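# Notes for the structure review
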Amino acid sequence: MQNPLLTPSTRPYQWPAFDQLTAEHYLEAVQFGAAEQLEELQRIIDDVQAPTFENTFLALESSGQTLRRALMTYFSVISAHGTDELRAVQSEISWIWSKQEDAIYLNQSLYSRLQALDLSGLEGEDARLADQTLKNFQLAGAGLADTEKEKLKELNAKLAELSTQFANLVLENQNAHAVHFEDAQELAGLSSQAIESAAQAAKQAGHASGYLLTLVSPSQQPVLESLDSSESRRKVFNASLSRGTENNPTIHVAAEMAQLRAERAALLGFANHAETVLAQATAPSTVAVAERLAELTKAATANARKEAAVLSRVAGAEINAWDWKYFSNKVLRDEYSVDSEALRDYFELDRVLIDGVFATATKLFGITFTERFDLPTYHDDVRVFEVFDADGTPLAIYTGDFLTRDTKKGGAWMTSLRDASSFLDERPIVTNTLNITPPAPGNPVLLSLDEANTLFHEFGHALHDMFSNGKYASLSGTSVPRDFVEFPSQVNEMWMLHEDVVSGYAVHHHSGETLDASLIEKIRAASLWGQGFATTEYLAASVLDWEWHTISAGTVIDDPLQFEQDALKRAGFDTAMIPPRYRTGYFQHIFANGYSAGYYSYIWSEVLDADTVQWFEENGGLMRENGNRFREELLSRGNTRDPLESYELFRGRTAWVEPLLRRRGLVNAE
């Protein structure tokens, strides 16, 4: 059978032939595509015609389509359904891609031909493409001497290898550290459905009896809110944190990566890896980022100490770190009448997705969704929807892969299988992937408040990609600076509990009763509770990322665990009570997923987000006029112009930080 990836798919939107693809197909297509692109690049170099925009920048933009098609498909699938067969070729595919990037960006002849073109006559997206392309070459080391380029290639290859190794080890550790309980009494406090799911998980993992609580990516595990037994909470909490200890090799892989990144930064002429990241970000400097993190840390930890005092009073004694989420949930129940576990009954997946997320997008933007069952998927859990614009024209394909499984990495994310590009005549295929615990057979999929919020968040990324309306794939959708990309997704979270949205989907899955409006108000009122904890654990992870990636070349880290502890202590965090959201040993964002020196971007983007939420509130909220303005000036623009310029054109001014401080409860914190 011919490899389906070697030619564009004839299915709608060039949908991949998931019913035919094998690991060998992916590897073959990547190998073939890499060689094919090198031939295309050589033709650009050998062109005897004088350099023009068309025969240089556009020729480069259109090159490598087989490779691009294969990589986008493979990397989307490996994260969500990393079977043994797919993981077996991951190292080689990552190595080929790393080598290919070097072959492009370290090619002096290609770079010289691009530089030879007079760009002064270019305008709009053409000028942006040329500017961003040259910047990519410069930051990749195109200006280095030949010996330095060879060294850079070695570093890039090693980092690609280590990143794959880190991701595989984290998945193995996450599965290996699932906590087994023999007696159902140890799980008191969990719903009957959750206990049934744990029993099913134990059987699937090969246990003869008992119950298995699987782990998710962050340090804090959702079940800690509900388990009545402090001892059970301790077991789960310690199992989660132990993924980042000296006993697991991931922390040493991470340290080696940080040291290699520092060495690469020095080779490129930067003081540290963070500087190389900020060269393509909206944050002005490493000092500015460090100052913002320090400023917020002081206020957040002060709030967290106040929350700890409240929790100790509720518990009647000093609490342990593994008790925090349990007693925090008790405060929500007793003082705000918000019971996180009971609320799950009102957040059934289909209703949240169809009557919440999709319905909101319809009201704001006029788009509609039709589920398709004719397109093959890489797993039976994946759902496929065609998206139509307000005038009925086809816009995009949206896919949702929502349930956890042992082949899926932890967390939640958006990827794209195809981008919006008029130049390539390509329309978007976007995917949202979550890790919701599957129910026992016959039961509905119920979401926590946090999981429902995550679905709205990830769909914000999807909207950013689906609405992209530019010429070039490399400037499309979410191809924006890392500290801007989270902004649209964070804005979309505002609709989850909006009065015009929540009443349409928050319905008890059994009784059909709508979530009471007074309880919704209490949930909103309770939103400030726990912000000290949430902001502190996030900032601790951000500081940890920043510390790893502001080391200079030649820094020797013999004890990475001690490095982690020292960095967090210097910043003022009490990690014995509130550990970072991710410890080094399972911090996939920065060691496997491209967020290195970029985890700060969530709070950086949230400044824009909070200011935008205020704009929606000031201008009537959930209205088509508002949605159309947000789409036209921001969501559709991608990186076709400076994203901060897009923001200012949308908002009419630069962003103010005060809305964020109020949202996070950081105003007047001591």
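Look up: the structure comes first, before these words.
Residues numbered from 1 in each chain as written. Predicted model: local features only at pLDDT ≥ 70, side-chain atom pairs only at ≥ 80, totals over all residues. Heavy atoms only, no water.

### Structural notes on a negative patch on the surface
Taken together, the side chains of Glu-246, Asp-558, Asp-559 and Asp-566 present a region of like negative charge at the surface. Mapped onto the elements, Glu-246 comes out in the loop between helix H10 (230–241) and helix H11 (250–267). The partly exposed category is assigned to Glu-246, whose relative accessible area is 36%. (Patch = residues over 30% accessible without salt bridge, like charges linked within 9 Å, V, L, I, M, F, W, Y side chains within 5 Å. Areas by Shrake-Rupley, 256 points an atom, 1.4 Å probe, with all protein chains shown as cover. Salt bridge = Lys/Arg side-chain N within 4 Å of Asp/Glu carboxyl O. Lys, Arg positive; Asp, Glu negative; His and termini not counted. Charge placed at Lys NZ, Arg CZ, Asp CG, Glu CD. Helix = DSSP H or I, 4+ residues; strand = E, 2+ residues; numbered from the N terminus. Buried < 20%, exposed > 50% of the residue type's maximum accessible area, 1.4 Å probe, protein only.)

### Observations concerning empty space enclosed by the protein
Following the criterion strictly, the structure yields 2 cavities of 30 Å³ or more and no others. Considered as a void within the structure, the largest cavity measures approximately 60 Å³ in volume. Those elements that provide at least two residues to the lining of the largest cavity are helix H16 (349–365), helix H17 (449–466), helix H18 (482–492) and helix H25 (624–635). Element by element, the count of residues in the lining of the largest cavity is highest for H18, at 3 residues. Partitioned by chemical class, the residues of the lining of the largest cavity number 9 nonpolar, 2 polar and no charged. Within this model, the second largest cavity holds a volume of roughly 40 Å³. If you list the elements that add at least two residues to the lining of the second largest cavity, you get helix H3 (65–80), strand E6 (413–418) and strand E7 (429–436). For the lining of the second largest cavity, the per-class residue count stands at 4 nonpolar, 4 polar and no charged. (1 Å grid on protein atoms, 1.4 Å probe; cavity = no way out; pocket = protein on both sides within 12 Å on 5 of 7 lines; lining within 4 Å. Points joined across faces, edges and corners; volume = space filled by probe spheres on them. Nonpolar A, V, L, I, M, F, W, Y, C, P; charged D, E, K, R; others polar.)

### Quick look at the environment of Gln-49
On the secondary structure map, Gln-49 appears in the loop between helix H1 (23–46) and helix H2 (54–62). Discounting chain neighbours no more than four positions away, the residues touching Gln-49 are Asn-55 and Arg-113. (Contact = heavy atoms within 4.5 Å.)

### A word on helix H14 (residues 324–336)
For H14, spanning 13 residues, the distance from its first C-alpha to its last is 17 Å, which sits close to the expected 18 Å at 1.5 Å a residue. Here H14 has its buried residues at Trp-324, Tyr-326, Phe-327, Ser-328, Asn-329, Val-331 and Leu-332. The elements touched by buried residues of H14 are H10, helix H13 (286–315), helix H15 (340–343) and helix H21 (531–548). One or two positions beyond H14, positive phi appears at Ser-337, with a value near 55°. (Expected span 1.5 Å × (residues − 1).)

### Observations regarding the side chain of Ser-601
The residue Ser-601 is located in helix H24 (residues 601–618) in this model. On the basis of relative accessibility, which here comes to 0%, the residue Ser-601 falls in the buried class. Not counting chain neighbours up to four residues away, the residues in contact with Ser-601 comprise Arg-482, Asp-483, Glu-486, Tyr-538 and Tyr-595.

### Looking at helix H9 (residues 192–204)
Along its 13 residues, H9 runs 18 Å from first to last C-alpha, staying within 8% of the 18 Å computed at 1.5 Å per residue. Taken residue by residue, H9 has Gln-193, Ile-195, Ser-197, Ala-198, Ala-199, Ala-201 and Ala-202 as its buried positions. On the buried face of H9, the contacting elements are strand E1 (179–181) and strand E2 (211–213). Directly beyond the C-terminal end of H9, a positive phi value near 95° is found at Gly-206.

### A few points about the sheet that holds E6
Within the open sheet, the 5 strands sit side by side as E3-E4-E5-E7-E6. Their pairing is mixed. Two strands lie at the open edges of the sheet, namely strand E3 (368–372) and E6, each paired on one side alone. For this sheet, the mean angle separating the axes of adjacent strands, direction not counted, is 25°. Alignment of E3 against strand E4 (residues 383–388), held across 5 bridges, turns out to be antiparallel. Along E4, the bridge assignment pairs Phe-369 with Val-387. Packing of H16 onto the sheet brings it into contact with E3, E4, strand E5 (394–403) and E7, and relative to E4 it is tilted by some 15°. (Pairing = 2+ DSSP bridges. Axes fitted to C-alpha atoms, helices over the stretch in contact; angles between N-to-C directions.)

### Brief notes about the packing of H1 against H3
In a packed pair of helices, the relevant descriptors are the angle between the two axes and the axis-to-axis distance. It is the contact of H1 with H3, at a shortest axis distance of 7 Å, that shows an interaxial angle of 145°. Considering only the axes of H1 and H3, their crossing is left-handed. Contacts between H1 and H3 involve Tyr-26, Ala-29, Val-30, Phe-32, Gly-33, Ala-34, Glu-36 and Gln-37 from the former and Thr-66, Leu-67, Ala-70, Leu-71, Thr-73, Tyr-74 and Val-77 from the latter. Here the contact of H1 with H3 is built from residues that sort into 10 nonpolar, 4 polar and 1 charged. (Left-handed = near helix turned anticlockwise from the far one by under 90°.)

### So, the packing of aromatic side chains
Inspection of the entire model under this criterion finds 41 aromatic pairs. Arranged with centres 5.7 Å apart and planes meeting at 80°, the rings of Phe-358 and Tyr-398 form a pair that is edge-to-face. Of this pair, Phe-358 sits in helix H16 while Tyr-398 sits in strand E5, and the two are 40 residues apart along the sequence. On the accessibility criterion, Phe-358 (3% relative accessible area) is buried. The rings of Phe-484, Phe-487, Trp-495, Trp-615, Phe-616, Phe-630, Tyr-647 and Phe-650 are connected pair by pair, giving a single aromatic cluster. Sitting over the ring of Tyr-586, Arg-243 keeps its end group 4.0 Å from the ring centre. (Phe/Tyr/Trp six-rings, centres within 6.5 Å; stacked < 30°, edge-to-face > 60°. Lys NZ or Arg CZ within 6 Å of the ring centre and 35° of its normal.)

### A word on the environment of Thr-377
Note that Thr-377 resides in the loop between E3 and E4. Classification of Thr-377 as partly exposed rests on a relative accessible area of 23%. When the C-alpha atoms of Thr-377 and Pro-16 are compared, they prove to be 8.5 Å apart, with 361 residues separating the residues in sequence. Thr-377 has contacts with Trp-15, Phe-18, Val-382 and Val-384, leaving out every residue within four places of it along the chain. A polar side-chain atom of Thr-377 sits 2.8 Å from the main-chain carbonyl oxygen of His-379. (Polar contact = N/O pair within 3.5 Å; in protein donor to acceptor, adjacent residues only side chain to side chain.)

### Observations regarding the environment of Lys-471
Turning to its location among the elements, Lys-471 is positioned in the loop between H17 and H18. Accessibility expressed as a relative area gives 33% for Lys-471, which makes it partly exposed. In the structure, Lys-471 is positioned 49 residues away from Ser-422 in sequence and 4.7 Å away in space, judged by C-alpha atoms.

### Section: unusual backbone geometry
Backbone geometry places Gln-14, a non-glycine residue, at a positive phi of 60°. Position of Gln-14 relative to the elements: it lies in the segment before H1. Although it is not a glycine, Ala-597 adopts a positive phi angle of roughly 55°. Inspection of the secondary structure assignment puts Ala-597 in the loop between helix H23 (588–591) and H24.

### Remarks on the pattern of salt bridges
All chains considered together, the criterion is met by 36 salt bridges. One salt bridge connects Arg-383 with Asp-350, and the closest N-O pair in it is separated by 2.4 Å. On the criterion of sequence distance, the pair formed by Arg-383 in strand E4 and Asp-350 in helix H16 is long-range, its members being 33 residues apart. Relative accessible area serves as the criterion here: at 18%, Arg-383 is assigned to the buried category. With relative accessibility at 32%, the residue Asp-350 sits in the partly exposed group. One salt bridge in this structure joins Arg-405 and Asp-381, with 3.4 Å as the shortest N-O distance.

### Re the packing of H16 against H25
Taken N-terminus to C-terminus, the directions of H16 and H25 make an angle of 90°; their axes are 6 Å apart at the nearest point. In this view, H16 runs roughly perpendicular relative to H25, as classed from their interaxial angle. Of H25, the residues touching H16 (which contributes Thr-362, Lys-363, Leu-364 and Phe-365) are Arg-624, Gly-627, Asn-628, Arg-631 and Leu-635. Counted by class, the contact of H16 with H25 contains 3 nonpolar, 3 polar and 3 charged residues. (Parallel < 35°, antiparallel > 145°, perpendicular 65-115°, else oblique.)

Bear in mind that shape data such as this cannot, by itself, settle questions of function.
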